[in-house]
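One letter stands for each residue in the lines below.
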There are 2 protein chains.
Amino acid sequence: MELSRREKNLLQSLTTRIGRRKANCCRCEGVRAVRELLTFFPERVRFTAATERGLRTLGIGAPEVRMISEADFAAVSGTVTAQGVIAVAEIPPQAVGPVAGDFILALDQLGDPGNFGTIARSLRAAGQRELWYTKGSIDPWGDKAIRSGMGAQFGLRLRRFDTLEILARAAAAAGFGKVFLADPHEGANCFREPGLFEHSVIVIGGEPNGIIGAAPDAHRVTIPMPGGYESINAAQAATVLIFESVRRNMERT
Amino acid sequence: MELSRREKNLLQSLTTRIGRRKANCCRCEGVRAVRELLTFFPERVRFTAATERGLRTLGIGAPEVRMISEADFAAVSGTVTAQGVIAVAEIPPQAVGPVAGDFILALDQLGDPGNFGTIARSLRAAGQRELWYTKGSIDPWGDKAIRSGMGAQFGLRLRRFDTLEILARAAAAAGFGKVFLADPHEGANCFREPGLFEHSVIVIGGEPNGIIGAAPDAHRVTIPMPGGYESINAAQAATVLIFESVRRNMERT
């Protein structure tokens, strides 16, 4: 079946946040991201538009495939070197109910979609589930965040809050009362802080002032950098902390 | 002093690998990258071109500043949202002599400049020095690799080799004979492998076959991913391994 004009218009409209909100759908582009989506969350996929080449590279069956020419694909694609596969998927509802996992990763006003996606991948790879974020962060369902995250967003429990204080209160109410702020400059050594992943909130990118009201006993933790060069980015810092939790869990077993 | 036509042409020519090789210089764009460069490696800087706004944001003094209009800056900039500061710096010579640090990080045919730069930052932050790579990897002195690395490249000992086998031989000759291949799927648990950072080579992105001839006893190591979602990228994997070395060094002290 070929991609209809209506579907093509939908694909276009989903490049904007308003378009995504209206349709409650997002675009998931690229072979690996679509493969993840079809493997783990097939029920979310409305349709997959693909060129012949893209479908071959995808290598797995997909329901509701719409064929599209290379030229038409280039027109809807968000990338320069298009792989020829893009899916339209429903955005999962905001997570509710009990909080799962060892800790909540909280992104405070994280503006970079690549970092957001990368952090989502690390978190999902580590087997954690809760990715919370504040207003002012980028939309996790935007094109670039999904490409960077390779669809990991779909496997996480995302929750959005107006401020870090409100987020911290919701976490405390769910039994996750200990708040740690990842700080690039000072704080307890993250490799030595004992309660770091025990029903805690770990805030990445947060302004220290934002949290004080909600969690007066918030701790700063820092990743030691013996090189004296303190500029690893938010995604790297989050990845180090996330896999430190994996390491500790392994040590226990 | 204003940017001369000759300097402007140089800036343009350095966007290509051929231009960089000819001039033995590279471009270092953005406030943080230029700040790093001026702080740690001022002797490498030929000149810094900046808009008035860029110079204010930079906030530190720079020798050999060339003023440039916003419009002219936009024409030479490699970014969409230019910060108004770009330096031209000499590319350090290929590292020679004794090998420093606990391990050599080796990138095999790493094609993504963002990943290359990110790995350089992690390595430098961790206080390690040796970043080796094979032909087929991107040029570490290209615009995007430097932006992602924020100039961390200048603080590392970079060495390029034709193949992974030749790299492994050079490492062995320098006393770094143990080779570990970071494998996304199988291998020893990286958090439990005892000799991982003891005069070793850790290969990221390497094809297992490439190494066999040079290091028949090469070990695969893998980062455990309890989430069953094995797609963290090369930069994330390298960052986890690099900071595991930091953690172990701290444990010892």
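The sections below set out a description of the structure shown in this document. (Residues numbered from 1 in each chain as written. Chains lettered and ligands numbered in written order. Predicted model: local features only at pLDDT ≥ 70, side-chain atom pairs only at ≥ 80, totals over all residues. Heavy atoms only, no water.)

**So, the pattern of salt bridges**
All names here are of chain A.
1) Next: Tallied over the full model, the rule gives 32 salt bridges over all chains.
2) Next: Put simply, Asp139 and Arg20 hold a salt bridge, and the shortest N to O gap is 2.9 Å. Placement of the pair is Asp139 in the loop between strand S6 (130–134) and helix H7 (143–149) and Arg20 in helix H2 (residues 17–23), with a sequence separation of 119 residues. Of the two residues, Asp139 and Arg20, both sit in the buried class.
3) Next: Among the salt bridges present, the one from Arg157 reaches Glu130, with a minimum N-O distance of 2.6 Å. Of this pair, Arg157 sits in strand S7 (residues 157–161) while Glu130 is found in strand S6, placing the two residues 27 residues apart along the sequence. We note that Arg157, like Glu130, is buried. (Salt bridge = Lys/Arg side-chain N within 4 Å of Asp/Glu carboxyl O. Helix = DSSP H or I, 4+ residues; strand = E, 2+ residues; numbered from the N terminus. Buried < 20%, exposed > 50% of the residue type's maximum accessible area, 1.4 Å probe, protein only.)

**Considering the packing of aromatic side chains**
1) Next: Enumeration according to the criterion identifies 12 aromatic pairs over all chains in this entry.
2) Next: Centroid distance Phe40 of chain A to Phe41 of chain A: 6.1 Å. Interplanar angle 50°. Geometry classified as tilted.
3) Next: By way of ring pairs, the aromatic residues Phe40, Phe41, Trp141 and Phe154 of chain A are connected into one cluster.
4) Next: For Arg124 of chain A, the ring lying beneath its charged end belongs to Phe40 of chain A, and the centroid distance is 4.9 Å.
5) Next: The ring of Trp132 of chain B has Arg159 of chain B sitting right over it, with the charged end atom 4.8 Å from the ring centre. (Phe/Tyr/Trp six-rings, centres within 6.5 Å; stacked < 30°, edge-to-face > 60°. Lys NZ or Arg CZ within 6 Å of the ring centre and 35° of its normal.)

**Section: the packing of helix H6 (residues 113–125) of chain B against helix H10 (residues 234–252) of chain B**
All names here are of chain B.
1) Next: Close contact between H6 and H10 brings their axes to 9 Å; oriented N to C, the two are set at 10°. As summarised for this structure, H6 and H10 are arranged roughly parallel, according to the angle between their axes. Of H10, the residues touching H6 (which contributes Asn115, Thr118, Ile119, Ser122, Leu123 and Ala125) are Ala234, Ala235, Ala238, Thr239, Ile242 and Phe243.
2) Next: Residue composition of the contact of H6 with H10, grouped by class: 8 nonpolar, 4 polar and no charged. (Axes fitted to C-alpha atoms, helices over the stretch in contact; angles between N-to-C directions. Parallel < 35°, antiparallel > 145°, perpendicular 65-115°, else oblique. Contact = heavy atoms within 4.5 Å. Nonpolar A, V, L, I, M, F, W, Y, C, P; charged D, E, K, R; others polar.)

**Examining the interface of chain A and chain B**
Interface size is often expressed as the accessible area that is lost when the parts come together.
1) Next: Counting residues at the interface gives 38 residues for chain A, matched by 38 residues for chain B.
2) Next: For the pair chain A and chain B, the summed buried surface comes to about 2900 Å²; carbon and sulfur atoms form 61% of the total.
3) Next: Across the contact surface, chain A and chain B share 0 salt bridges.
4) Next: Inspection of the region where chain A meets chain B yields 8 residue pairs in polar contact (both at pLDDT 80 or more).
5) Next: When residues of the side of chain A that touches chain B are traced back to their parent elements, those giving at least two are helix H3 (31–40), helix H6 (113–125) and helix H10 (234–252) of chain A.
6) Next: In terms of residues, the side of chain A that touches chain B owes the most to one element, H10 of chain A, which gives 9 residues.
7) Next: Partitioning the side of chain A that touches chain B into residue classes produces 16 nonpolar, 13 polar and 9 charged. (Buried area = accessible area lost by both parts, 1.4 Å probe. Polar contact = N/O pair within 3.5 Å; in protein donor to acceptor, adjacent residues only side chain to side chain.)

**Things to note about helix H3 (residues 31–40) of chain B**
1) Next: Val31, Ala33, Val34, Glu36, Leu37 and Leu38 of chain B are the residues of H3 of chain B that are buried.
2) Next: Buried residues in H3 of chain B make contact with strand S1 (25–29), strand S2 (45–50), helix H4 (52–58) and strand S4 (85–90) of chain B.

**Some remarks on H6 of chain B**
Residue and element names in this part refer to chain B.
1) Next: For H6, spanning 13 residues, the distance from its first C-alpha to its last is 18 Å, which sits close to the expected 18 Å at 1.5 Å a residue.
2) Next: Burial analysis of H6 places 12 of its 13 residues in the buried class, the great majority of the element.
3) Next: Listed as buried for H6 are Gly114, Asn115, Phe116, Gly117, Thr118, Ile119, Ala120, Arg121, Ser122, Leu123, Arg124 and Ala125.
4) Next: A side-chain oxygen of the first residue of H6 lies 3.0 Å from the backbone nitrogen of Gly114; this N-cap is Asp112.
5) Next: At the exit of H6 stands Gly127, carrying a positive phi of roughly 85°. (Expected span 1.5 Å × (residues − 1).)

**Examining the nonpolar core**
Most often, soluble globular proteins keep nonpolar side chains buried together rather than apart.
1) Next: In this structure, Leu105 and Leu131 of chain A together with Leu105, Leu131 and Phe243 of chain B are the most contacted members of the largest nonpolar core, which totals 112 residues.
2) Next: In this structure, Phe243 of chain B is in contact with Phe191, Ile223, Pro224, Met225, Ile232 and Val240 of chain A together with Ser122, Ala125 and Ala126 of chain B, ignoring residues within four places of it in sequence.
3) Next: Counting 15 residues, the second largest nonpolar core, distinct from the first, contains Ile104, Phe161, Ala168 and Ala170 of chain B. (Core = buried A, V, L, I, M, F, W, Y, C linked by side-chain atoms within 4.5 Å.)

**Let's talk about the sheet that holds S2 of chain B**
For sheets, the rule is that strands pair by backbone hydrogen bonds, running either parallel or antiparallel.
Residues and elements named next belong to chain B.
1) Next: On the basis of which strands lie adjacent, the open sheet formed by 4 strands has the order S1-S4-S2-S3 and mixed pairing. A strand with exactly one partner marks an edge of an open sheet, and here the two such strands are S1 and strand S3 (65–67). Between one strand axis and the next, the sheet turns by 20° as a mean value, whatever way the strands run.
2) Next: In this fold helix H1 (residues 5–13) packs onto S1, S2, S3 and S4, with an angle of close to 100° to the strand it touches most, S2.
3) Next: Along the sheet face, H3 touches S1, S2 and S4 and points at about 40° away from the line of S4. (Pairing = 2+ DSSP bridges.)

**Observations regarding the environment of Gly114 of chain B**
1) Next: With respect to the helices and strands, the residue Gly114 of chain B is situated in helix H6.
2) Next: Note on Gly114 of chain B: relative accessible area 12%, which makes it buried.

**What to know about the packing of H10 of chain A against H10 of chain B**
A packed helix pair is summarised by two numbers, namely the angle formed by the two axes and the spacing between the axes.
1) Next: Following both chains from N to C, one finds H10 of chain A and H10 of chain B inclined at 65°, their axes separated by 9 Å at the closest point. For the pair H10 of chain A and H10 of chain B, the crossing hand works out as right-handed. Here Gln236, Thr239, Val240, Phe243, Glu244 and Arg247 of chain A of H10 of chain A come into contact with H10 of chain B, specifically with Gln236, Thr239, Val240, Phe243, Glu244 and Arg247 of chain B.
2) Next: The class makeup of the residues in the contact of H10 of chain A with H10 of chain B is 4 nonpolar, 4 polar and 4 charged. (Left-handed = near helix turned anticlockwise from the far one by under 90°.)

**Details of the side chain of Glu36 of chain B**
1) Next: Relative to the assigned elements, Glu36 of chain B resides in helix H3.
2) Next: At 4.6 Å, Arg124 of chain B is the nearest oppositely charged side chain to Glu36 of chain B, a buried residue that forms no salt bridge. (Lys, Arg positive; Asp, Glu negative; His and termini not counted.)

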